[in-house]
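As a plain string of letters, each chain reads:
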Amino acid sequence: MTVEQNVLQQHSQKHQQTLLNQLKEVTGTTDVQLLQQALQVSNGDLAEAVAFLTEKNAKVPQQDETTYYQTSQVASDRYISVGSQADTNVIDLTGDDKDDLQRAIALSLEESNRAFRETGITDEEQAISRVLEASIAENKASLKRTHTEVWSDSPNPHDRKRIDNCPVGLKNVGNTCWFSAVIQSLFNLLEFQRLVLNYSPPARVHDLPRNQKEHRNLPFMQELRNLFSLMVGSKRKYVDPSRAVEILKDAFKSSESQQQDVSEFTHKLLDWLEDAFQMKAEEDREGEKPKNPMVELFYGRFLAVGVLEGKKFENTEMFGQYPLQVNGFKDLHECLEAAMIEGEIESLHSAENSARSGQEHWFTELPPVLTFELSRFEFNQALGRPEKIHNKLEFPSMLYMDRYMDRNREITRIKREEIRRLKEHLTLLQQRLERYLSYGSGPKRFPLADVLQYAMEFASSKPVCTSPVEDIDTSAPPGGTTGSGPASGPTTATTAPQQQRVPIHKPFTQSRLPPDIPMHPAPRHITEEELRVLEGCLHRWRSEVENDTRDLQGSITRIQRTIELMYSDKSMMQVPYRLHAVLVHEGQANAGHYWAYIYDPHQRCWMKYNDISVTKSSWEELVRDSFGGYRNASAYCLMYINDKKPFLIEEEFDKETGQILSGMDKLPPDLKHYVKEDNEQFDKEIEEWDTLQARKAQQEKLALQHPAPLLLLLPLIPQQDPEYMEQPSPTNDSKHLQEDTERAISRAAAEQEERSPEALLNAAIKLEYGRLLRFAQEDTPPENDYRLQHIIVYFIQNQAPKKILERTLLTQFADRNLAFDERCKSIMNVARAKLDLIKPEEVNMDEYEMWHQDYRNFRETTIFMMTGLELFQKTNYVEALMYLVYAYQYNKELLLKGLYRGHDDELLGHYRRECLLKLNEQAAAMFESGEEPEVTTGLGIMNELVVPCIPLLLLHDTERDLLAVEDMRNRWCSYLGQEMESNLQEKLTDFLPKLLDCSTEIKSFHDPPKLPSYSTLELCERFSRVMAALGRVPSDGR
């Protein structure tokens, strides 16, 4: 068979299987034969196939949930295609009208088929397009955000600088953690890395691509090369993959978005890479059969041996990623054993011409990189949507594949038969043991040895008879009240015998047990001889039972050990595969986050690749997050590599020097130039940052140690005093400033010999500036912030230009609300005249207004912060949150301009984080109550307040914020799998995707709350009171 025929056959099989998978997902039918029958009846028309299945299912009694899961566990899709997987989109119709459902399904399939006929793009490709469009839209939208919608890297490039040769992370540009996980896993396969870096497009495509594949795949290959080169030689801690994602997005068109399935993306990525390398291979073959390195690296073959309707068959098929069912299995080998056998396997080895059908898979050729897809999703027919399987599934770090190889077929069959026989015997022994450990015929059962021990303790107990009514006053009347007369007094004791003789109706005492009942259970009558015989029998029986139990447990342990060691002989350990990467999914079927654990053979440790974060990890952490059954994280894809092919992970050596190639030496010339340019740009960014910081530090040092005098001696041209215009009555704020100004004028008049208005103005300004400079230089506690008292203090601490300071002080002394005495009036006129003489080129009014606007923003941020902290102290977290969120965001913007532009960002971050955690706890407690109003209120708090704020915590990737997000998500994910009412389960299922969304897109947000107005004095006093009440911020935090 030629390569072209093989490819055509594979695509035909792929298309048929895609139709089967679509039918399975849409209708929920898991019977493969029934699905094939529907396709045959409908001649491949999906709409008619769905109609056939829905009509057929309508005649069959509906399965209950338990039966469904059993069916889905047994029936599984055994077909394995070359890099393809069915689209997992789910249509969810909540109505009960089956006709409406059928029409909706048919319409959906008709649209899908029409789109394929018109564009040649499959649903699978459209699904990838949807998520990529969402990713790019997120990236573009990030450039347009304002205030609370800030997406930016750290302004300090040193925070983004790569340390030594640490692995480079990938920036999540919006719902692309799946992209990062897959790309990092492939990049760390050094053979794959070399193939991509050294790829050169075919010479004939340098003109114009001749078909859609070339137009799509070749630009993507170039961007992938660029991305890989940055991951090799970049000086950055993480790089941006947007351009590679953009190429993927441009290949298809759609308008929807969803979290992309990691295995589906891997299928499509390998398909594209295979096509790109195939073009190159065909050009270079020179008459020989072309070899595609992607096929040789990732694709293997298996032999399907079976019986179909009594006829034996053998087919060789190619596979890429091998799918495995998880539900019902405890480890990877059990999954593989089940995947290799389908149907009635007895008929496969029988010489009789049976009508049974079944097949076995035997690997004839394993790829160097062996990838398993762990199917952790099932379609819940009752709820009409897919659900994630959280069951624990163990997998080894070293996997021996000998038992699944075709060359070991006969040995494996013998061993499987032996294991089957041992498991049958094991089941019988476990049943026998269970009879000993759960003895009895009632609902409650106990270990038989304990039952015999209890019987022996009972037999040897001595009866101690004490009347239970001795302490009861039998003379008391039925109602519990004390009777009157002599009988109720001291004569009670003497009348007791008489009461025993005369029957008196006393319901309470007469309903009690007889007085001769023993205090503890014990035999009433037993002789010493009887007791001796009984104790002897019970002792003997108990010893026999304990011996039998030990023997059964020992036999079970030996059989289990025999089964475990069945494939441990050297002949069955010749095909070792070492675990290279584990792709982990946290969340549920329709939402979640991906990351990867990848083994570093040079450091001999596991590394965790979580978007921009790359950290050292351990096997223990991998097990906790990957096996499942813990929280809601579990392995979704396993990548093993052939341990006998070290070239997969070995570094490349220089052919001349014999030295290991590392860093930039790995790259071909074009990529070296590309990375060099990017590194030079990053170096320039660092240099500009360092220069800016050095200049600011020098200015701050000079301003604090050697304050320059203000030069306000502008020439004053004699002129008529401007006509005094009456100003509005001063506010409290202006009164405070007016008093400061008048004090400065009075001090200047007392100290200054020359009494001219101009001389007094200059002296008063110098005195006022000196006072404010001392405030700016003073080291004060947090509750005493002089920046709030005067704008000049804020300007001095932030090195505002001298001209800005001069004009601001002149404006202060030019206030028409100064006192009406002649001295102040004349000084005010001089100040106003000086303001008029300042030329536009001397003071940039745009810059002047910008500084004043910054100060207004600072005061506004202070009010947000102060109000939020007050409400937090009063435990009014709902109202406090918005104030704290806006305070933090506005403060962050201020701090980007300078260290003293805003408040302590750690303090604001701490209380914003704590407020969210408090609200999360409140909402979770309301949900746990189960009461409808409480549940609605709790979920309302989460949807309206907490969830919109989570992207804000993810933006700057601080450890405490990330831990807080993890705490909040873990609290809600802990409810998965717990018993709860169906309405609560449905609400939880609808809510969790919003909480687990890992993008940094701000989807909706409240407007800033309205702020009250404060005078300077009121603001300072209230701020001081709030900050003093806080005390020291906890150092441990979250």
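Residues numbered from 1 in each chain as written. Predicted model: local features only at pLDDT ≥ 70, side-chain atom pairs only at ≥ 80, totals over all residues. Heavy atoms only, no water.

Student: What is the right way to look at the packing of aromatic side chains in this model?
Tutor: How two aromatic rings sit relative to each other is given by the distance of their centres and the angle of their planes. Summed over all chains, the structure comprises 31 aromatic pairs. Aromatic pair F872 and Y877: ring centres 5.3 Å apart, planes at 65°, arrangement edge-to-face. When the centroid spacing of 5.2 Å and the interplanar angle of 80° are considered together, the rings of F872 and Y911 count as edge-to-face. In this pair, F872 is assigned in helix α26 (residues 845-873) and Y911 in helix α28 (residues 905-929), connecting sequence segments 39 residues apart. What makes F872 buried here is its relative accessible area of 13%. Taken together, the ring pairs connect Y794, F795, W851, Y855 and F858 into an aromatic cluster. Lying across the ring of W595, K608 places its NZ or CZ 5.0 Å from the centre. Over the face of the ring belonging to Y848 we find R807, whose NZ or CZ atom lies 5.5 Å from the ring centre. (Phe/Tyr/Trp six-rings, centres within 6.5 Å; stacked < 30°, edge-to-face > 60°. Helix = DSSP H or I, 4+ residues; strand = E, 2+ residues; numbered from the N terminus. Buried < 20%, exposed > 50% of the residue type's maximum accessible area, 1.4 Å probe, protein only. Lys NZ or Arg CZ within 6 Å of the ring centre and 35° of its normal.)

Student: Can you walk me through the nonpolar core in this structure?
Tutor: Note on soluble globular proteins: their nonpolar side chains tend to be buried together. In this structure, I792, F795, F813, L869, L881 and W972 are the most contacted members of the largest nonpolar core, which totals 104 residues. If we ignore the near neighbours within four places in the chain, the residues touching L881 are R912, C915, L916, L919, L945 and C949. Counting 60 residues, the second largest nonpolar core, distinct from the first, contains F192, L195, V196 and F298. (Core = buried A, V, L, I, M, F, W, Y, C linked by side-chain atoms within 4.5 Å. Contact = heavy atoms within 4.5 Å.)

Student: So what exactly am I meant to see when it comes to the packing of α26 against helix α32 (residues 1016-1030) here?
Tutor: The relative placement of two packed helices is expressed as an angle between their axes plus a distance between the axes. For the pair α26 and α32, the least separation of the axes is 10 Å and the interaxial angle reads 45°. One element, α26, and the other, α32, form an angle in the oblique class. The interaxial crossing formed by α26 with α32 has left-handed handedness. Every residue of α32 that contacts α26 at R859, T862, I863, M865, M866, L869, E870 and Q873 is listed here: T1016, L1019, R1022, F1023, V1026, M1027, A1029 and L1030. Residue composition of the contact of α26 with α32, by class: 10 nonpolar, 3 polar and 3 charged. (Axes fitted to C-alpha atoms, helices over the stretch in contact; angles between N-to-C directions. Parallel < 35°, antiparallel > 145°, perpendicular 65-115°, else oblique. Left-handed = near helix turned anticlockwise from the far one by under 90°. Nonpolar A, V, L, I, M, F, W, Y, C, P; charged D, E, K, R; others polar.)

Student: When you look at the pattern of salt bridges in this model, what are you seeing that I'm missing?
Tutor: Any two side chains of opposite charge can pair, given that their charged atoms come close. Applying the stated criterion across every chain yields a total of 34 salt bridges. The partner of R420 in a salt bridge is E417, and the shortest N-O contact between them spans 2.2 Å. Of this pair, R420 and E417 are both found in helix α14 (residues 409-437), 3 residues apart, which corresponds to roughly one turn of the helix. We classify E417 as partly exposed; its relative accessible area is 41%. The partner of K892 in a salt bridge is D905, and the shortest N-O contact between them spans 3.8 Å. (Salt bridge = Lys/Arg side-chain N within 4 Å of Asp/Glu carboxyl O.)

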